[in-house]
Amino acid sequence: MKRLLVVLTVLLFGLSQANQLEIFTWWAGDEGPAIEALIDMYEAKYPEVTVVKADVVGGAGVVARAVLKTRMLGGSPPDTFQIHAGRSLIDTWVVAGRMEDLTWLYQEEGWLEAFPPGLIDMISTEEGIWSVPVNIHRSNVMWYVPANLERWGVSVPTTWDEFLAVCPTLQAQGVTPLVVGESWTVQHLWESVALAVLGADNYAKLWTGELPFTDAQAVAVWELFDQILACTNPDAAGLAWQHATDRLVDGAAAFNIMGDWAAGYMVTTLGLEPGVGFGWAASPGTEGSFMQLSDSFGLPIGAPNRENVINWLRLIGSREGQDTFNPLKGSISPRLDSDLTKYNAYLQSAAEDFRTNRLVPSLVHGAAARAAFASEFATVMGIFLDTRDPQFAANAAQAVAFQTGLGR
Ligand code: GAL
């Protein structure tokens, strides 16, 4: 009897394993609706598969990436996981030989023609193509509420100097000029400031090691950053990015620099209308540049339910899948045949900018720099926040660049 029970348990366990699809992601809670819509589509198509959404809360995947590492190194990979296109994917899992090459799937699905070549490059090495992008997000966006700005008598700054000029006006009215949150959101602000100070060419040279962080121009980024931080809220460390967006919407703060998942949150979760409930502009001094990042999913070697993952990847790479996911997420589809009529006014403007602007990669969201550098940048930021010394931060950044082999 006991033996029978054991056999039954093993059988049942085996069966349930075979019919699962475990999706590892940081899109939890109010970041969830877009991926949940994709999961609904998947379940309708493959009713025999039980989808398990394994989510780890925490903006920008700061926590999820650490948990993923313990699972991967512990030999229990999820079936598929969210990973930023670019260096985060390549340096972490591809060089370690942990992913399956998906070139064959790209050929089968016609994705080599459907996706922009620049994006395919970000997820490729000489040996293969390693994930499927589900979106394009923009990092360098300034958000605000038009009616509030009018009430406070300020207009949208197009340069950081203009912003610094309106900062006292806002503070005098008890308004936080620029709201920031936990550490990664401060780093997120920094990358937009760096792009503004350096321009697209020199910004790119930071990540190839051609422009040292100790160069006077790069030190100037920290100098300006220091002035900007003087116009932010003192309780940043305790705020998630959504809380920072809430401050904007509630009228406690005037501006926020955040990726366009903030638009997803304001539209999908808060029910605001783009252009009315909130407005947007390129982060000051970055008009004409689109700082991009992309969320993608891959197929780890040893995924327990490989076939189910392949069907998931087919769905998230499809036109229908992407045009369902992205309007809810606050991102655009990188597919060249995306149906823009399904997207709101903000996203249509982002799609236009993506097509016409200079594309530059985000540091914080895994695209620009060696993964080891990107994660150590949090320490550099910590040093700056403690010392507020631009030269000291620049030296620390250069030391980390050297240590982590930035540019190699
Ligand atoms: C980014 C990610 C976005 C969004 C954001 C906030 O790194 O690419 O899709 O989830 O973090 O968590």
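Everything here concerns the structure above.
Notes on the structure in this doc start here.

Conventions and cut-offs
Going along each chain's sequence as written, the residues are numbered from 1 onward. Since the coordinates come from a predicted model, pLDDT governs what is reported: local features require at least 70, and pairs of side-chain atoms require 80 or more to be given and counted, while whole-chain, interface and lining totals use all residues. Calculation of side-chain values draws on the structure's entire complement of heavy atoms; hydrogens and water are dropped beforehand. The helix count covers DSSP runs of H or I at least four residues long, the strand count covers runs of E at least two residues long, and both are numbered beginning at the N terminus. Note on classification: 1.4 Å probe, protein chains only; a residue is buried when its accessible area is under 20% of the maximum for its type, exposed when over 50%, partly exposed between these limits. In what follows, a contact means two residues having at least one pair of non-hydrogen atoms within 4.5 Å. If DSSP finds at least two bridges between two strands, the strands pair. Proximity is defined per residue: if any heavy atom of the residue lies within 4 Å of a molecule or strand, that residue is considered near it. Under this definition, polar contacts are N or O atom pairs within 3.5 Å; protein pairs additionally need one hydrogen-donor-capable and one acceptor-capable atom, and for neighbouring residues in sequence, both atoms have to be side-chain atoms. Accessible surface area values rest on a Shrake-Rupley calculation with a 1.4 Å probe, where residue burial reflects the displayed protein chains alone. A pocket here means an open set of points on a 1 Å grid, computed over the protein atoms alone, that has protein on both sides within 12 Å along at least five of seven lines. A cavity is instead a set of points where a 1.4 Å probe fits but cannot get out; residues with an atom within 4 Å of a point line either one. Whether a molecule lies in a cavity or pocket depends on its atoms, and more than half of them have to be within 2 Å of the grid points. Residues were grouped as follows: Ala, Val, Leu, Ile, Met, Phe, Trp, Tyr, Cys and Pro as nonpolar; Asp, Glu, Lys and Arg as charged; and all remaining residues, including Gly, as polar. Each domain's limits were defined by an automated method or a database of domain assignments. Here, nonpolar core means buried Ala, Val, Leu, Ile, Met, Phe, Trp, Tyr and Cys residues that are tied together by side-chain atoms lying within 4.5 Å of each other. Clockwise travel from the first strand over the helix to the second, with the strands pointing away from the viewer, marks a crossover as right-handed. When two cysteine sulfur atoms lie within 2.5 Å, the pair is treated as a disulfide.

Tracing the backbone shows Ala 393 in helix H18 (residues 390-403). With relative accessibility at 0%, the residue Ala 393 sits in the buried group. Between the C-alpha atom of Ala 393 and that of Pro 133, which follows or precedes it by 260 residues, the distance is 34 Å. For Ala 393, the residues in contact, after removing those within four places along its chain, are Trp 222, Val 380 and Phe 384.

With that out of the way, let us pick up the pairing of strand S12 (residues 289-293). With respect to burial, S12 is a largely interior element, five of its five residues being buried. A two-sided burial pattern is seen for S12, the buried positions comprising Ser 289, Met 291 and Leu 293 on one face and Phe 290 and Gln 292 on the other. Summarising the sheet, strand S7 (residues 137-138) and S12 pair through two bridges and their orientation is antiparallel. Among the inter-strand pairings, His 137 is bridged to a residue of S12, identified as Leu 293. In terms of strand pairing, S12 meets strand S14 (residues 358-361) through four bridges, oriented parallel. Within the sheet, the bridge partner assigned to Phe 290 lies in S14 and is Leu 359.

The next subject is the site of the ligand. In the vicinity of the ligand, 13 residues are found, and the nearest of them are Trp 27, Glu 31, His 84, Asp 295 and His 365. Here Trp 27 contributes a side-chain N or O atom positioned 2.8 Å from an oxygen atom of the ligand. At 2.8 Å from an oxygen atom of the ligand is found a side-chain nitrogen or oxygen belonging to Lys 329. In the complex, the protein chains occlude 100% of the 300 Å² of accessible area that the ligand would expose alone. Applying the majority rule of atoms within 2 Å of the grid points places the ligand in the largest cavity. Across the shell around the ligand, the residue classes break down as six nonpolar, four polar and three charged. Mapping the shell around the ligand onto the domain boundaries places at least three of its residues in each of domain 1 (3-137 + 294-355) and domain 2 (138-291 + 363-403).

So, on to the nonpolar core. Nonpolar side chains tend toward joint burial in soluble globular proteins. Counting residues in hydrophobic clusters, the biggest one holds 76 residues, and the most contacted among them are Tyr 106, Trp 143, Phe 297, Trp 312 and Leu 313. Each of domain 1 (3-137 + 294-355) and domain 2 (138-291 + 363-403) accounts for three or more of the residues forming this core. Among residues more than four places away in sequence, those in contact with Trp 312 are Leu 21, Ile 23, Ile 35, Leu 38, Ile 39, Tyr 42, Thr 80 and Phe 297. One finds Trp 152, Trp 160, Val 193 and Trp 222 within the second-largest nonpolar core, a separate group that totals 57 residues.

Attention shifts here to the pairing of strand S2 (residues 50-55). By the bridge criterion, six bridges tie strand S1 (residues 20-25) to S2 in an arrangement that is parallel. The residue bridging Glu 22 from the neighbouring strand is Val 52, located in S2. Running through helix H2 (residues 33-45), the crossover from S1 to the neighbouring parallel element S2 is right-handed.

This part covers the state of the cysteines. Where two cysteines share a covalent bond between their sulfur atoms, that bond is called a disulfide. Counting across every chain of the model gives one disulfide. Disulfide pairing is shown between Cys 167 and Cys 231; the S-S distance is 2.1 Å. Between Cys 167 and Cys 231 the sulfur-sulfur dihedral comes to about -110°; the bridge is accordingly left-handed. One end of the pair, Cys 167, is in helix H9 (residues 160-172); the other, Cys 231, is in the loop between helix H11 (216-229) and helix H12 (241-250), with 64 residues separating them in the sequence. Given a relative accessible area of 3%, Cys 167 falls into the buried group. Cys 231 sits in the buried class, given a relative accessible area of 5%.

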